[in-house]
Amino acid sequence: MASSVQNNRVSPSGYCACCRTCNMYCWRALKWIPVLLIVSIVTWSYYAYVLQLCIFTIESTVQQCVYLVLYHILFIMFAWSYWRTIFADIKSIPDKYKLPEEELEKLLSADTEEGQRTVLENYAKDLPIVTRTMSGSVRYCNRCVLVKPDRAHHCSICARCVLKMDHHCPWVNNCVCFHNYKFFMLFLGYALLYCVFIMSTCLPYFIKFWKMYQEYKHAHCDRFIENGSYTKQCMDILNGDFGAAGSSGRYHIVFAFFVALMFAVSLGSLFGYHCYLVSHNRTTLEAFRAPMFRGGADKNGFSIGAFKNFKEVFGNSPNLWFLPVFTSLGDGCEYPVRREHQLQTFTTAPDGLGYESMGTTRSSFGDGIVYPVPQQDEDTESLLSSERWDRWGERARPFDERESSSYDEL
């Protein structure tokens, strides 16, 4: 049966199911290491800030209360956003994009690659897709046996196609995609504010400790250099303890400042870059390779204006923009496009190529943005995944476009 070729790979001889299962669970466990590292750093930062700085170091009760309230607000929003990014429900591709058994039989029984492309093109003609491959073909995934919706890509780590895939992030052990991109943006934003807040509130005490250290060093350790004699104060400094300010907790505050500074620099650049992507309605994959439409590649093909692009991710309700609850517009499969892509459809001409005007329909997306809906048959060569199936035998195999990029496999 045709279903027997779906995602089957021949295992090496002697490779037992027990070893395969063991490897699978070990791989799953390893993927959580970056997340556990982030959780460990955040847990330590909570101890360093709340206990060592706010409770043991700051003497003013009012200042303690203000710092603790602001800190816990940022901490809760940061942790909430991070949790939602990690455990967001990444829904599968709708069934209408998956190749039925009879269509798969036709695909496998086609003798030529052109015949295989025709089978896929006929199946995809009623699907709401406007993007194509670099050769003008339908985007198709051999592993998942489905026609890819617009902006969807196959993630080899998750082993499935993901709607509006941005990238697979090891720090959240999940794909950043349509279902959690808002959470990811909020995670970056609140993490940046969290680090900046810690850094700014620790800075005065970092400067104070540094000055005290220099004063003690000048007053006591210089005697050792001049006279060659050890003093208790000098030994304390050499051992890491300089007076009342030299307890181990001070080191936590100093390290918290440097760790917050380090993360703030990296998070600031990453958050700024994704703000740019949101304003232009692009994903990380689309930033590296512009999406291909019937009229050609267009890096701004999905951009409908900065504010509308923002609302596509964060929703129409300003009250929920900065809360990690799902409010993104659409269903992850269909997206409004620029007008030049709405008014063209690829049709068969005598030379095999041609463009004609295409009808449009209204959608409930946002504020009435027009969606393109094909109204006639499309008969172009189809995109077939570059991953070869292992059990095709001597029959013609469907391949991805020759110019295909590995970004689909990230």
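Located above this text is the structure these notes cover.
Note that the coordinates shown come from a computational prediction; the quantities given were computed from them, not determined experimentally.

Where helix α2 (residues 33–55) contacts helix α3 (residues 61–87), the two axes come as close as 11 Å, and the packing angle between them is 170 degrees. Taken together, α2 and α3 sit at an angle that is classed as roughly antiparallel. Residue-level contacts link V35, I38, V39, V42, S45, Y46, Y49, V50, C54 and I55 of α2 to Q64, Y67, L68, Y71, H72, F75, F78, Y82 and I86 of α3. Looking at side-chain class alone, the contact of α2 with α3 contains 16 nonpolar, 3 polar and no charged residues.

On to the nonpolar core. In this structure, Y49, Y181, F187 and I198 are the most contacted members of the largest nonpolar core, which totals 49 residues. In terms of residues, this core owes the most to one element, helix α6 (residues 181–227), which gives 18 residues. Those residues in contact with Y49, other than ones at most four positions away along the chain, are C54, Y67, Y71, F197, I198, T201 and C202. Counting residues in hydrophobic clusters, the runner-up holds 28 residues, among them A124, L127, V145 and F293.

The sheet built from 3 strands is open, its strands ordered β1-β8-β9 with antiparallel pairing. With one partner strand each, in any of the chains shown, β1 (131–132) and β9 (296–297) form the two edges of the open sheet. Relative to strand β8 (residues 292–293), β1 runs antiparallel, the two being bridged by 2 bridges. Bridge pairing in β8 links R132 to M292.

Between side chains of opposite charge, a pair can form when the charged atoms approach closely. Within this structure, the stated rule accounts for 6 salt bridges. Among the salt bridges present, the one from R151 reaches E286, with a minimum N-O distance of 2.8 Å. Of this pair, R151 sits in the loop between β3 (146–147) and β4 (153–155) while E286 sits in helix α9 (residues 284–288), placing them 135 residues apart in sequence. E286 shares its class with R151; the two are buried. Among the ionic pairs, D298 bridges to R338, the shortest N-O distance being 3.5 Å. Of the two residues, D298 is situated in the loop between β9 and α10 (306–314) and R338 in the loop between α10 and α11 (339–342); the sequence distance between them amounts to 40 residues. When its relative accessible area of 30% is taken as the criterion, R338 is described as partly exposed. Overlapping salt bridges bring together R151, E286 and E312 as one network.

Before going further, it helps to examine a nonpolar patch on the surface. A grouping of V62, V66, V69, L70 and I73 is seen on the molecular surface, where their side chains present a nonpolar patch of about 440 Å² in accessible area. Assignment of secondary structure puts I73 in helix α3.

Moving on, we come to the state of the cysteines. According to the stated counting rule, one finds 0 disulfides in the structure shown. The thiol sulfur of C54 is not disulfide-bonded, and the nearest other cysteine sulfur, from C202, lies at 8.1 Å. Residue C54 is classed as buried on the basis of its relative accessible area of 0%.

Calculation rules
- Residues numbered from 1 in each chain as written.
- Predicted model: local features only at pLDDT ≥ 70, side-chain atom pairs only at ≥ 80, totals over all residues.
- Heavy atoms only, no water.
- Axes fitted to C-alpha atoms, helices over the stretch in contact; angles between N-to-C directions.
- Helix = DSSP H or I, 4+ residues; strand = E, 2+ residues; numbered from the N terminus.
- Parallel < 35°, antiparallel > 145°, perpendicular 65-115°, else oblique.
- Contact = heavy atoms within 4.5 Å.
- Nonpolar A, V, L, I, M, F, W, Y, C, P; charged D, E, K, R; others polar.
- Core = buried A, V, L, I, M, F, W, Y, C linked by side-chain atoms within 4.5 Å.
- Buried < 20%, exposed > 50% of the residue type's maximum accessible area, 1.4 Å probe, protein only.
- Pairing = 2+ DSSP bridges.
- Salt bridge = Lys/Arg side-chain N within 4 Å of Asp/Glu carboxyl O.
- Patch = residues over 30% accessible without salt bridge, like charges linked within 9 Å, V, L, I, M, F, W, Y side chains within 5 Å.
- Areas by Shrake-Rupley, 256 points an atom, 1.4 Å probe, with all protein chains shown as cover.
- Disulfide = S-S within 2.5 Å.

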